Amino acid sequence: MKKAAKIIGILLLIIIVIGFFFYRSLLPTYNGTLDIEYLQDEVTIHYDTYGIPHIYANNETDAFTALGFAHAQDRLWQMELIRRIAPGRLSELFGEKLTETDRFFVALGIDEASELTVQNLDKNTQSYKLAQAYLNGINEFIANGATPVEFYLTGTDKTKFTLKDIHNVFGYMAFSFAMAHKTDPLLTEIQQKLGNEYLADLGLHVDPNTTLLHNYPTKEKDTTQIETTIVASVHKALDQLPIPQFIGSNSWVIAPQKTATGKVLFANDPHIGFSQPSVWYEAHVHTPTYEMYGYYLAGTPFPMLGHNRNIAYGMTMFENDDIDFYWEENNPDDANSYKTPTGWKTYETRTKTIAVKDGEASTETYKTSRHGPILNGIADGINFDQPVAMSWAYLQHKNQLLEACYLMSHANSQAEFEKSLPKIHAPGLNLMYGDTEDNIGWYAVGKLVERPKHVNSKLILNGASGNDEPIRFMEADENPSATNPPWNYVYSANNQPDSIAGSLYPGYYLPENRAKRIKELIVEKDNWTKEDMMNMTLDVKSNIHLEAVREVLNVIGKSEFSDIEKEVVNILHIWNGENRTTDIAPTIYHRFINQYLKNTLSDELNKEAYAQLLKTHILKRFEVPLLYQESIWYDDVNTTSVKETRADILLKSFKEAVALLENQFGKDTNEWTWNKVHTVEHPHPMGQVETLRPYFNVGPFEVPGTREVINNLGYHYEDSGEYNVYFGPSTRRVIDFSDIENSMSILPTGQSGNLFSPHYQDQAKMYVEGQFRKMMLNLEEIKQDSKNTLILN
């Protein structure tokens with residue numbers, strides 16, 4: 001018996017020792033000395049308090065090799081996921097639930113386009129050489145560094161990264177930024193089944209009276225309204241992605257004439273789906289000839305956001321329409337050919353096999369017309385008998401994104417920065433700029449198309465006649481922009497830009513809510529400080545929602561109310577439009593909006609269709625404006641003897657909202673605070689397994705803000721009365737050119753994606769509390785702050 005106990009004890013000790021050494025093997029190495037390949041000289045990486053690497057090298061090649069190594073050490077699993085999206089290889093990790101997503105991305109042809117781009121890259125350019133150095137660093141970590149625990153959990157082998165992987169990441173980013181494919185297929189169904197009268201009230205028109213992004217110097221103006229009607233949707237495929245999608249953004253840059261210090265102030269907070277780790281990896285790179293504090297997408301060598309002592313740049317989504325859909329006409333005698341203006345043409349076909357974990361591989365044949373891939377049977381919502389092709393600007397032009405990102409990150413003046421702009425064909429971006437020489441700028445970039453006058457780009461176009469084809473792609477200098485305007489600020493909140501080639505350009509622009517608030521705040525003062533900018537990024541007031549409440553109360557104000565309904569009316573009467581965690585009015589307002597949308601729209605749509613509509617981009621455009629007008633939507637089609645009016649629906653929705661809140665929280669309205677229903681949790685792919693969720697996910701946290709305020713923390717409406725935030729500011733950056741070494745930032749969770757890193761979630765509470773931390777540039781300060789220093793030989 002004693003002998004058996006002794007053996008068991010020894011076995012337990014062995015298990016503990018093995019477990020300890022296995023745990024140690026998973027940890028990142030932030031301190032010490034490592035020998036790695038590809039370096040010409042020693043590189044020092046100082047990790048600051050929050051795990052941001054400050055990379056000091058004697059030349060750029062070594063610096064980018066070290067950057068790749070450091071990036072992979074903290075984000076290799078994220079890199080692995082994002083490089084698998086475009087080629088359709090997620091099912092290899094997650095099984096059948098990702099096959100529809102894989103099928104869709106394979107159909108797009110991003111992977112083939114990336115292959116062609118790589119074949120045509122100029123190997124003598126610095127962008128190529130530094131990208132290769134970055135890849136060398138990643139692959140050195142793959143060969144000799146710790147294996148992230150997710151690779152063990154999914155049984156995934158580590159493999160080398162290539163230049164094609166970088167371009168596949170660019171391709172996914174470009175597609176994520178596009179909006180045409182995300183607009184709900186219900187718009188087609190509404191038009192076909194209910195008619196154009198129902199479409200007319202859904203905010204599908206470009207409004208020339210909205211808050212516009214103004215050009216400077218001014219360009220030719222026209223008040224043409226371009227109608228938006230239908231496009232396809234791929235929500236089902238995209239909802240399964242384990243990597244966040246790009247949603248929207250804010251940015252504003254204030255000229256010296258409006259700042260207290262007489263120097264430029266710069267702010268940017270791109271709105272991206274929340275995930276763990278968060279989308280951006282921060283790194284400060286310094287050599288004798290180069291310095292940049294940047295924000296990097298997983299697997300990419302040059303930062304999309306960045307600043308140094310000379311310039312700062314950032315981005316928001318342009319929301320331009322860079323995807324068109326075309327009806328193709330099949331040959332009645334040969335389904336493999338289709339009609340063109342010059343006769344019948346054979347579809348190009350390619351066959352690809354999608355490997356599926358724990359399942360049978362799926363072999364698919366994809367057709368492509370002269371316009372692009374045929375999406376029937378592949379994209380959710382494209383179920384027409386007639387073939388529908390997708391024409392996407394990203395696949396139609398030479399891809400120079402690698403060179404563009406290199407030029408942006410290596411610019412030291414406005415003129416140098418502007419050289420990068422024509423090289424960005426897609427995605428459509430608003431690039432924001434400020435510098436130490438007192439210049440500011442906003443640039444809308446991306447290849448814009450001039451279409452025939454009769455073409456409505458939001459309808460599926462005639463692909464056979466040739467009459468609906470683009471006339472030309474515009475030159476980069478025709479794009480909207482403003483440099484050093486006399487009003488002394490530039491901004492972007494994904495809103496409609498001013499005239500392009502004489503008319504308002506079609507797109508998927510967000511409502512003016514944030515844009516109007518940004519302008520309102522900037523205009524009211526001329527002594528802006530860094531602290532003012534930081535506070536502005538946290539602004540949670542919506543005058544749009546406040547005005548909507550007043551309109552509703554004006555319409556229903558003379559109705560009969562119960563005691564608790566009277567109390568709710570009083571709460572709304574004194575609301576100032578703020579959406580703080582302790583406020584009560586936002587809980588009431590958004591519960592009312594949910595009921596109002598349901599009572600207005602759901603009778604014409606089935607349950608699934610209505611749920612899909614609530615997730616569309618277009619909903620934000622019409623949910624408030626519809627409140628102000630009579631509409632065909634208000635009449636309940638299920639009550640044939642009565643014709644409901646706006647007043648009927650608003651009153652019914654108000655009473656239902658109060659009853660639901662009373663049932664949810666009780667009669668004491670003081671308990672109806674916003675923090676109880678508005679929360680955020682940052683999801684990790686492994687967190688989909690319930691037993692792993694507490695370990696991999698970060699949160700949940702109670703948060704202020706709401707949809708379409710500056711602190712834009714968004715959610716979908718649902719009957720639960722809870723608002724689970726799924727996107728928001730992916731960083732909040734404020735750069736002060738009067739005190740560049742004390743510019744400020746924050747990430748939503750932490751710098752590292754390694755579960756066992758101390759920087760996995762060390763910024764999460766700071767983020768929800770509206771705190772910031774310094775983006776350090778001063779070497780002596782970095783050394784004093786640094787707890788860990790890694791030497792690479």
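So, here is what we can say about the structure in this document. (Residues numbered from 1 in each chain as written. Predicted model: local features only at pLDDT ≥ 70, side-chain atom pairs only at ≥ 80, totals over all residues. Heavy atoms only, no water.)

**With respect to the overall build of the protein chain**
1) Next: Within the protein chain one finds 24 helices and 31 strands.
2) Next: Going through the 793 residues of the protein chain one by one, you find that 61% of them count as buried.
3) Next: Pairs at least 24 residues apart make up 72% of the contacts formed inside the protein chain by residues separated by at least 6 positions.
4) Next: Counting every atom, the protein chain has about 30,200 Å² of accessible surface; 49% of that belongs to carbon and sulfur. (Helix = DSSP H or I, 4+ residues; strand = E, 2+ residues; numbered from the N terminus. Buried < 20%, exposed > 50% of the residue type's maximum accessible area, 1.4 Å probe, protein only. Contact = heavy atoms within 4.5 Å. Areas by Shrake-Rupley, 256 points an atom, 1.4 Å probe, with all protein chains shown as cover.)

**What about the pattern of salt bridges?**
1) Next: Under the defined criterion, the tally for this structure stands at 35 salt bridges.
2) Next: Ionic pairing is found between Lys 164 and Asp 111, a salt bridge with its closest N-O pair at 3.4 Å. With Lys 164 in helix α8 (residues 163–177) and Asp 111 in helix α5 (residues 110–119), this pair connects stretches of sequence that are 53 residues apart.
3) Next: A relative accessible area of 10% places Asp 111 in the buried class.
4) Next: The closest approach of N and O atoms between Lys 598 and Asp 719, which form a salt bridge, is 3.0 Å. (Salt bridge = Lys/Arg side-chain N within 4 Å of Asp/Glu carboxyl O.)

**Brief notes about the nonpolar core**
1) Next: Counting residues in hydrophobic clusters, the biggest one holds 144 residues, and the most contacted among them are Ile 45, Trp 280, Phe 417, Leu 431 and Leu 792.
2) Next: Among the elements that line this core, the one with the most residues is helix α2 (residues 60–85), at 13 residues.
3) Next: When near neighbours in sequence (up to four residues on either side) are disregarded, Ile 45 contacts Pro 53, His 54, Ile 55, Ala 66, Ala 70, Asn 788, Thr 789, Leu 790 and Leu 792.
4) Next: In terms of nonpolar packing, the next biggest core, distinct from the first, is built from 50 residues, Ile 544, Val 568, Ile 571 and Leu 597 among them. (Core = buried A, V, L, I, M, F, W, Y, C linked by side-chain atoms within 4.5 Å.)

**Quick notes on the packing of aromatic side chains**
1) Next: Enumeration according to the criterion identifies 28 aromatic pairs in this entry.
2) Next: Judged by centre distance (5.5 Å) and plane angle (85°), the ring pair of Phe 69 and Phe 141 falls under edge-to-face. Of the two residues, Phe 69 sits in helix α2 while Phe 141 sits in helix α6 (residues 126–144), which places them 72 residues apart along the sequence.
3) Next: Judged by relative accessible area, Phe 69 falls into the buried class, the value being 4%.
4) Next: Classification of Phe 141 by relative accessible area gives buried; the value is 2%.
5) Next: Between Phe 302 and Tyr 406 the ring centres are 5.6 Å apart and the planes differ by 70°, which places this aromatic pair in the edge-to-face class. In this pair, Phe 302 is assigned in the loop between β7 (290–296) and β8 (305–307) and Tyr 406 in helix α12 (residues 401–409), connecting sequence segments 104 residues apart. In this pair, the class of Phe 302 matches that of Tyr 406, namely buried.
6) Next: A cation sits over an aromatic face here: Arg 83 above Phe 161, 3.7 Å from the ring centre. (Phe/Tyr/Trp six-rings, centres within 6.5 Å; stacked < 30°, edge-to-face > 60°. Lys NZ or Arg CZ within 6 Å of the ring centre and 35° of its normal.)

**Re the sheet that holds strand β11 (residues 330–331)**
1) Next: Across the sheet, three strands lie side by side as β11-β12-β13; this open sheet has antiparallel pairing. The open sheet has two edge strands with one neighbour each: β11 and β13 (343–346).
2) Next: The pairing of strand β12 (residues 334–340) with β13 spans four bridges and is classified as antiparallel. Across the sheet, the residue bridging to Thr 340 is Gly 343, located in β13. (Pairing = 2+ DSSP bridges.)

**Regarding the sheet that holds strand β18 (residues 440–445)**
1) Next: Across the sheet, eleven strands lie side by side as β1-β31-β2-β3-β6-β7-β8-β9-β17-β18-β22; this open sheet has mixed pairing. Sheet topology places β1 (32–34) and β22 (481–483) at the edges, where each strand pairs with a single neighbour. The mean inter-strand angle of the sheet, taken between neighbouring strand axes irrespective of direction, is 20°.
2) Next: In the sheet, strand β2 (residues 43–47) pairs with strand β3 (residues 53–56) via four bridges, with the strands oriented antiparallel. Pairing of Tyr 47 across the sheet is with Pro 53, part of β3.
3) Next: Contacts between α12 and the sheet are confined to β7, β9 (311–317) and β17 (429–435), with β9 contributing the most and set at about 140° to the helix. (Axes fitted to C-alpha atoms, helices over the stretch in contact; angles between N-to-C directions.)

**Quick look at the environment of Tyr 296**
1) Next: Checked against the element boundaries, Tyr 296 lands in strand β7.
2) Next: The class of Tyr 296 is buried, set by a relative accessible area of 0%.
3) Next: Sequence spacing of Tyr 296 and Tyr 281 is 15 residues, and the spatial spacing of their C-alpha atoms is 5.0 Å.
4) Next: Those residues within four positions of Tyr 296 in sequence are excluded, and the remaining contacts are Leu 67, His 71, Val 279, Trp 280, Tyr 281, Ala 283, Val 285, Pro 301, Phe 302 and Pro 303.

**Some details on the packing of helix α16 (residues 543–556) against helix α18 (residues 585–601)**
1) Next: The N-to-C vectors of α16 and α18 enclose an angle of 70°; their axes lie 11 Å apart at closest approach. Here α18 runs roughly perpendicular to α16, going by the angle between their axes. Like other packed secondary-structure pairs, α16 and α18 cross with a definite hand, here left-handed. The segment α16 lies against α18, with His 545, Ala 548, Val 549 and Val 552 engaging Tyr 589, His 590 and Phe 592.
2) Next: Grouping the constituent residues of the contact of α16 with α18 by class yields five nonpolar, two polar and no charged. (Parallel < 35°, antiparallel > 145°, perpendicular 65-115°, else oblique. Left-handed = near helix turned anticlockwise from the far one by under 90°. Nonpolar A, V, L, I, M, F, W, Y, C, P; charged D, E, K, R; others polar.)

**A short note on unusual backbone geometry**
1) Next: In the segment running from Gln 276 into Pro 277, the intervening peptide bond is cis, with an omega of 0°.
2) Next: Within the secondary structure, Pro 277 sits in the loop between β5 (265–273) and β6 (281–287).
3) Next: In this model, Ala 426 is joined to Pro 427 through a cis peptide bond whose omega is 5°.
4) Next: Mapping Pro 427 onto the fold places it in the loop between α13 (414–418) and β17.
5) Next: Unusually for a residue other than glycine, Tyr 38 sits at a positive phi of about 80°.

**Observations concerning the side chain of Thr 587**
1) Next: Of note, Thr 587 is situated in helix α18.
2) Next: From its side chain, Thr 587 meets the backbone nitrogen of Trp 674 in a polar contact 3.3 Å long.
3) Next: Contacts of Thr 587, omitting those with residues within four sequence positions, involve Leu 661, Phe 665, Trp 672, Thr 673, Trp 674, Val 677 and Tyr 723. (Polar contact = N/O pair within 3.5 Å; in protein donor to acceptor, adjacent residues only side chain to side chain.)

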